[in-house]
Amino acid sequence: MTGETIATTVPWAARAPGALDTEGFAEVFGAYFGEIHTYVAQRLGPDHAEDVVAETFLIAFRKRATYDPSRAAVRTWLYGIATKLIGKQRRLEARTLRALGRCGPDADSPGHEDSVAVRVSAQSLRPELAAALAELDRRDRDVLLLVALAGLSHDEIATALGIPYGTVGSRLSRARKKLRALLGEAVLVHG
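The structure presented is a predicted model; accordingly, all values stated were derived computationally and were not measured. (Residues numbered from 1 in each chain as written. Predicted model: local features only at pLDDT ≥ 70, side-chain atom pairs only at ≥ 80, totals over all residues. Heavy atoms only, no water.)

## As for the overall build of the chain
Then, in step 1: Scanning the chain from N- to C-terminus turns up 10 helices and 0 strands.
Then, in step 2: The secondary structure elements of the chain, listed N-terminal to C-terminal, are α-α-α-α-α-α-α-α-α-α.
Then, in step 3: Out of the 191 residues belonging to the chain, those deemed buried represent 41%.
Then, in step 4: Across the chain, every contact between residues at least 6 apart in sequence was considered, and the portion connecting residues at least 24 apart equals 70%.
Then, in step 5: When the accessible surface of the chain is summed, it comes to about 10300 Å², and 53% of that surface belongs to carbon and sulfur atoms. (Helix = DSSP H or I, 4+ residues; strand = E, 2+ residues; numbered from the N terminus. Buried < 20%, exposed > 50% of the residue type's maximum accessible area, 1.4 Å probe, protein only. Contact = heavy atoms within 4.5 Å. Areas by Shrake-Rupley, 256 points an atom, 1.4 Å probe, with all protein chains shown as cover.)

## Observations regarding the pattern of salt bridges
Then, in step 1: Tallying each qualifying case throughout the model produces 6 salt bridges.
Then, in step 2: Among the ionic pairs, R75 bridges to E35, the shortest N-O distance being 2.5 Å. On the criterion of sequence distance, the pair formed by R75 in helix 4 (residues 74-88) and E35 in helix 2 (residues 22-44) is long-range, its members being 40 residues apart. Comparing R75 with E35 shows no difference in burial state: the two are buried.
Then, in step 3: The salt bridge involving R138 is made with D142; its shortest N-O contact spans 3.4 Å. In this pair, R138 and D142 both sit in helix 8 (residues 138-148), 4 residues apart, roughly one turn of the helix.
Then, in step 4: On the accessibility criterion, R138 (28% relative accessible area) is partly exposed.
Then, in step 5: Overall, the relative accessible area of 3% leaves D142 in the buried class.
Then, in step 6: Salt bridges sharing common partners tie together E35, R75 and E156. (Salt bridge = Lys/Arg side-chain N within 4 Å of Asp/Glu carboxyl O.)

## Structural notes on the nonpolar core
Then, in step 1: Residues I36, Y39, V40, L78, L133, L146 and I157 are the most contacted members of the largest nonpolar core, which totals 47 residues.
Then, in step 2: Those elements giving two or more residues to this core turn out to be helix 2, helix 3 (46-62), helix 4, helix 5 (90-103), helix 7 (127-135), helix 8, helix 9 (154-161) and helix 10 (165-183).
Then, in step 3: Once residues lying within four places of it in the same chain are set aside, the contact partners of Y39 are Y79, T83, I86, D142, L145, L146, L149 and A150. (Core = buried A, V, L, I, M, F, W, Y, C linked by side-chain atoms within 4.5 Å.)

## Quick look at the side chain of T83
Then, in step 1: As for its placement among the helices and strands, T83 is situated in helix 4.
Then, in step 2: Looking at T83, the relative accessible area reads 2%, which means it is buried.
Then, in step 3: In this structure, T83 is in contact with Y39, D142, L146 and L161, ignoring residues within four places of it in sequence.

## Regarding helix 9
Then, in step 1: Residues I157, A158, A160 and L161 constitute the buried set of helix 9. Axial view of helix 9: buried residues confined to an arc of 165°, hence all on one face.
Then, in step 2: Buried residues belonging to helix 9 abut helix 4, helix 8 and helix 10. (Arc of directions from axis to C-beta.)

## Some points on the confidence of the model for the chain
Low pLDDT marks stretches whose predicted atomic positions should not be read closely.
Then, in step 1: Of the residues in the chain, 73% reach a pLDDT of 70 or more, and the chain-wide mean stands at 78.
Then, in step 2: Least confident of the elements in the chain is helix 1 (residues 3-9), whose mean pLDDT is 38; most confident is helix 9, at 95.
Then, in step 3: Note on residues 1-18: pLDDT is under 50 here. Beyond four places in sequence and across chains, it has 29 contacts.
Then, in step 4: Note on residues 186-191: pLDDT under 50 across the span, and 10 contacts to partners over four residues away in sequence or across chains. (pLDDT = per-residue confidence, 0-100.)

Shown next as structure tokens:
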């Protein structure tokens, strides 16, 4: 469900700015839990996703009174919180990606249905791509993965991470350039 779709199904504009009451927050949770969980699982793997997603929604719930829909869509706000929490886990993420780069995915890889549901998770990345992602600066990796995994626009990423719009483009360009150098011209990252 896109931010525009949810905007039509949940009348945030009808609420006072910053007024996400408990009922409204329940709607946000129902609408975005799966999407945020998928993104976090793709970044950190399913073992760490539950904790990070739970903390994402706990922080959002605690800060619901300060949410301002004129600054960001709910979806963008949640991705910003999740990405900041992922940042706290960056050392673990980098270690995991480096280990996957050395070892490759588990022999007991998930079945086709699981692969389709998870798409590209940290545990199913090609070893070369995992190792290359681990080599990226955390800030560049955040921008690249918000484009590749979450499908956020440059404007949404700028809002979610609290950085200027132009910085998104430069970080994305830098990340792609480094990936190309590390992987060769076969990089399939679009955005």
